[in-house]
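One letter stands for each residue in the lines below.
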Protein chains: 2
Amino acid sequence: MKDFAGTPGTFLGLILRMTQFVFAVGSIVSMATTSSFFNVTAFSYLIASMGLLVIWSFVLALLDAYALMKKKVLHNLIMVSLFVVGDWVTAILSLAAASASAGVIVLYFNDLGQCHFGEECQKYQISIALGFLSWLSISISSLIMLWLLAAG
Amino acid sequence: MKDFAGTPGTFLGLILRMTQFVFAVGSIVSMATTSSFFNVTAFSYLIASMGLLVIWSFVLALLDAYALMKKKVLHNLIMVSLFVVGDWVTAILSLAAASASAGVIVLYFNDLGQCHFGEECQKYQISIALGFLSWLSISISSLIMLWLLAAG
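Residues numbered from 1 in each chain as written. Chains lettered and ligands numbered in written order. Predicted model: local features only at pLDDT ≥ 70, side-chain atom pairs only at ≥ 80, totals over all residues. Heavy atoms only, no water.

A. View of the relation of the copies chain B and chain A. Between chain B and chain A, the superposition needs a rotation of 180° and an axial shift of 0.0 Å, giving an RMSD of 0.0 Å. Read as a symmetry element, the transformation amounts to a two-fold axis. Considering only C-alpha atoms, the residue of chain B closest to the rotation axis is alanine 100 of chain B, which sits at 1.9 Å. (Least-squares fit on C-alpha atoms with pLDDT ≥ 70 in both.)

Structural data, given as structure tokens:
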């Protein structure tokens, strides 16, 4: 398989995984420290999908770091196929969760005129923004993985 | 470029474009016939993104039909790159719009216990379901296009 920046076991690949991890953890922390997120299904779904993203990106970051240290090549068909499926599932789930939460928060702020959760509204917004950033980061990884698989 | 089912100018490609078109039109009709969709930003956004999808899939369906009739091959790098960008932008926008609307409708039905828009709530649900179906259809097209571009 071709080798280019961002593929598994490269430095850019590791950076992308760490970015996803950091943004997703930030999103969870910001959301979970509010006292009423569980009243809104979309917010709970955001935490769940960010949780999945944290686990996935942590495991792949470890794998990338291991491959970098031992100078191993991770480009075999089965592993890359597995990465593609995992990346796409988490990317789609995180975009859907961030969008659903954004839909709810826009409803509160824009359509209903105000957010009745008080100061927690800002935390919701930060959490959703971080959710979108982590989606952006995993979507780059997903595209690189699919490209690697297709280019063969 | 390689030639496989679903690429531009093939019969499956045309079917996929027509599916996207029909689902997106259905989603717009179901949403636009309610009297209060404009009160919710997410619902207006769903109409806008489905409108974009309708235009995009209609143009590409015409192009596919033309290529099929004239037996032309549409696989050159510039055109496929253009298709990839257009497909991905519309696919991401439609998933985000459908998810945002779904977040709002779940808030009304599940979290707040009822939907206060009366009988229109069912129309919202149908519109969102059709939005997800059209997203599913364009995401298949997007994957095929990206695969075609990457496989070269």
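B. Just the interface of chain B and chain A, in detail. The partner chain A presents 24 residues to the 24 residues of chain B that form the contact. Here chain B meets chain A over a buried area of about 1900 Å², counting both sides, of which 77% is carbon and sulfur. Broken down residue by residue, the surface that chain B buries against chain A is led by Leu107, Trp147 and Ala150 of chain B, which jointly contribute 25%. Run the count over chain B and chain A and you get four residue pairs in polar contact (both at pLDDT 80 or more). It is helix H3 (residues 77–111) of chain B that provides the largest number of residues to the side of chain B that touches chain A, a total of 13 residues. Looking at the side of chain B that touches chain A residue by residue, the class counts come to 18 nonpolar, five polar and one charged. (Contact = heavy atoms within 4.5 Å. Buried area = accessible area lost by both parts, 1.4 Å probe. Polar contact = N/O pair within 3.5 Å; in protein donor to acceptor, adjacent residues only side chain to side chain. Helix = DSSP H or I, 4+ residues; strand = E, 2+ residues; numbered from the N terminus. Nonpolar A, V, L, I, M, F, W, Y, C, P; charged D, E, K, R; others polar.)

C. A look at the packing of aromatic side chains. All names here are of chain A. The full count for this structure, using the stated rule, is seven aromatic pairs over all chains. With centroids separated by 5.6 Å and ring planes inclined at 35°, the aromatic side chains of phenylalanine 21 and phenylalanine 58 adopt a geometry described as tilted. Here phenylalanine 58 lies in helix H2 (residues 41–70) and phenylalanine 21 lies in helix H1 (residues 11–32), a separation of 37 residues in the sequence. Accessibility expressed as a relative area gives 26% for phenylalanine 21, which makes it partly exposed. (Phe/Tyr/Trp six-rings, centres within 6.5 Å; stacked < 30°, edge-to-face > 60°. Buried < 20%, exposed > 50% of the residue type's maximum accessible area, 1.4 Å probe, protein only.)

D. Quick peek at the UniProt feature "transmembrane region" (unreviewed entry) in chain A. Residue and element names in this part refer to chain A. The residues that UniProt annotates with the feature "transmembrane region" (unreviewed entry) are residues 21–40, 46–68, 80–108 and 128–150. From the first C-alpha to the last, residues 80–108 spans 42 Å; its make-up is 100% helix and 0% strand. Secondary structure across residues 128–150 comprises 100% helix and 0% strand; the distance between its end C-alpha atoms is 32 Å. (UniProt positions renumbered as here; feature names shortened; annotations may be inferred.)

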